Each structure stands twice: as C-alpha cells, then as structure tokens.
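This is what each chain is made of:
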Amino acid sequence: MMKKAALITVVILIGTGITNMFAQVKKKKASTKTNVVVISDATDTLGISPDGPRFFLFPEFYSYWPINKNDTIIKYQCYDAENSYINVDTLHNIEDVQHISFVKVFTNYLHTYIDADGKPKPSTAIKTIYQYDKTGDDTWKSFDYSSNYSAELKEYKKDIVRADTTTVINPVTSNKQLTIRKYYKVAEIKKKDEIEQEK
C-alpha cells in the first residue's frame, strides 16, 4: 500500500513537471520558482559576483529546470548563431541565444564503450525532440521532430507568464550571484489559409 501511494505521488509529480514545461497558456499572474545552486568549480571563473542580480527574458517554451527520471534527463540547451553550446549559468547577453533545443539525454545500453578499467560501459545518447531557431527580432521557427510539424512563433515580451530565480554560490569565496529569469508569451503565427478556414 505504501509503495503504491509513493508510486502514485511520483507519477503525479513527474506529470505536473512535464505539464508545466509544455504549457503555453497565458496566466493571469506569473508564477515564481527559486533555487540555490552551489557550483563545484572552486575557481571564480564563472564570473560570480555579489554585484546585484542578473535579469534575463526567455520565451515561454524554454525552461531552465531539467526533468530527471532514472537514467533519462529531459532539458533545454541553448546555442549561439554558430551553433556553439551556451551555458546559461554563465550567459551575459540573452541576444547570444539564437537556437534552443529540447533534448532527451539517456543511457544507450545497446551501444557500449570500454572505460579506463577495460570494462564495457553503456554510452550516453542525446535525442532532439524539439528545435527552436531565432528568425527575427521577435520571431522563432519551431520544429517538432516526432511529427515533422513546423511553426512560426511571435514573441510578446511585455506579457510575462512566469518567472524563476537561482542563486549560485561559489564554495571558496562564498560570493553569490542571483539570476532572475522571466518568461514571456509566444504564440503561433497562423498562415493566411488557416485564418480563412477559421472564418
């Protein structure tokens, strides 16, 4: 009975996390999430400083928080115009983000490699589920790999739908850096023929 109740709780929590990640519904009041992150790098190379918070505006389809389930991680990854990976914890200018991928990282037990001890180990695989590419000052192109569906999205940066914050702490210097992320509404731009069909 206890195992069943725990399993139901886990399923509800995972379902809630996935629902929140995919939801693109306008909310009357933006929700806020706060977390503290302790970096493992003992140096101050991440630019952590106590000089006030950093503010970033992201489109609502993006989420800073990954979803972990067993050996699988579902998360968003940001890239610049040259498709070079951007670590959002060290991001200085949001305009550098030109591509966003929604990916699944999982253990591939069918493909192994030999580790330093000479033992076979399963490899890690990455599968892109969704791709977003910046196409203009306020537009994105999205592509769903499972259905081959693509769409044009328009940004509404004044319409904030949620927010979250993280405080990164350097374990050596104890310097803190607060990052505040706000997420703005995006909506699909309907094609002319779709608008005419709705009339």
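Residues numbered from 1 in each chain as written. Predicted model: local features only at pLDDT ≥ 70, side-chain atom pairs only at ≥ 80, totals over all residues. Heavy atoms only, no water.

### Some points on the environment of His 99
Operational definition: Helical segments are the DSSP runs of H or I of at least four residues, strand segments are the runs of E of at least two, and each set is numbered from the N terminus. Buried, partly exposed and exposed residues are distinguished by accessible area as a fraction of the type maximum, computed with a 1.4 Å probe on protein chains only: under 20%, between the cut-offs, and over 50%, respectively. Contact between two residues is taken to exist if any of their heavy atoms lie within 4.5 Å; hydrogens are not considered. Here a polar contact is recorded for every N or O atom pair within 3.5 Å, except that within protein the pair must consist of a potential hydrogen donor and a potential acceptor, and residues adjacent in sequence are included only if both atoms are side-chain atoms.
Within the secondary structure layout, His 99 lies in strand β6 (residues 99-114). Under the relative-accessibility criterion, His 99 is labelled buried at 15%. For the pair His 99 and Cys 78, spaced 21 residues apart in sequence, the C-alpha to C-alpha distance is 5.9 Å. In contact with His 99, other than residues within four places in its own chain, are Gln 77, Cys 78, Tyr 79, Asp 80, Ala 81, Asn 83, Gln 131, Tyr 132 and Asp 133. Polar side-chain contacts of His 99 include one of 2.6 Å to the side chain of Asp 133.

### Quick word on the side chain of Arg 54
Structurally, Arg 54 can be placed in strand β2 (residues 54-59). Side-chain polar atoms of Arg 54 contact the backbone oxygen of Asp 89, separated by 3.3 Å. Sequence-distant contacts of Arg 54, defined by excluding residues within four places in its chain, comprise Val 88, Asp 89, Thr 90, Leu 91, Gln 177, Leu 178, Thr 179 and Ile 180.

### Some points on unusual backbone geometry
Positive phi, close to 60°, is recorded for Asn 148, a residue that is not glycine. Checked against the element boundaries, Asn 148 lands in the loop between β8 (139-144) and β9 (149-169). Judged by relative accessible area, Asn 148 falls into the exposed class, the value being 57%. Here the phi dihedral of Ser 174 falls at roughly 65°; this positive angle occurs in a residue that is not glycine.

### Thoughts on the pairing of β9
For the record, the criterion: Note on pairing: two strands pair once DSSP finds at least 2 bridges between them.
Of the strand pairs in this sheet, β8 and β9 are connected by 6 bridges, and their pairing is antiparallel. Paired with Asp 144 across the bridge in β9 is Tyr 149. Between β8 and β9, which follow one another and run antiparallel, lie 4 residues, and Asn 148 among them has a positive phi close to 60°. Between the antiparallel neighbours β9 and strand β10 (residues 176-188) lie 6 residues, among them Ser 174 with a positive phi of about 65°.

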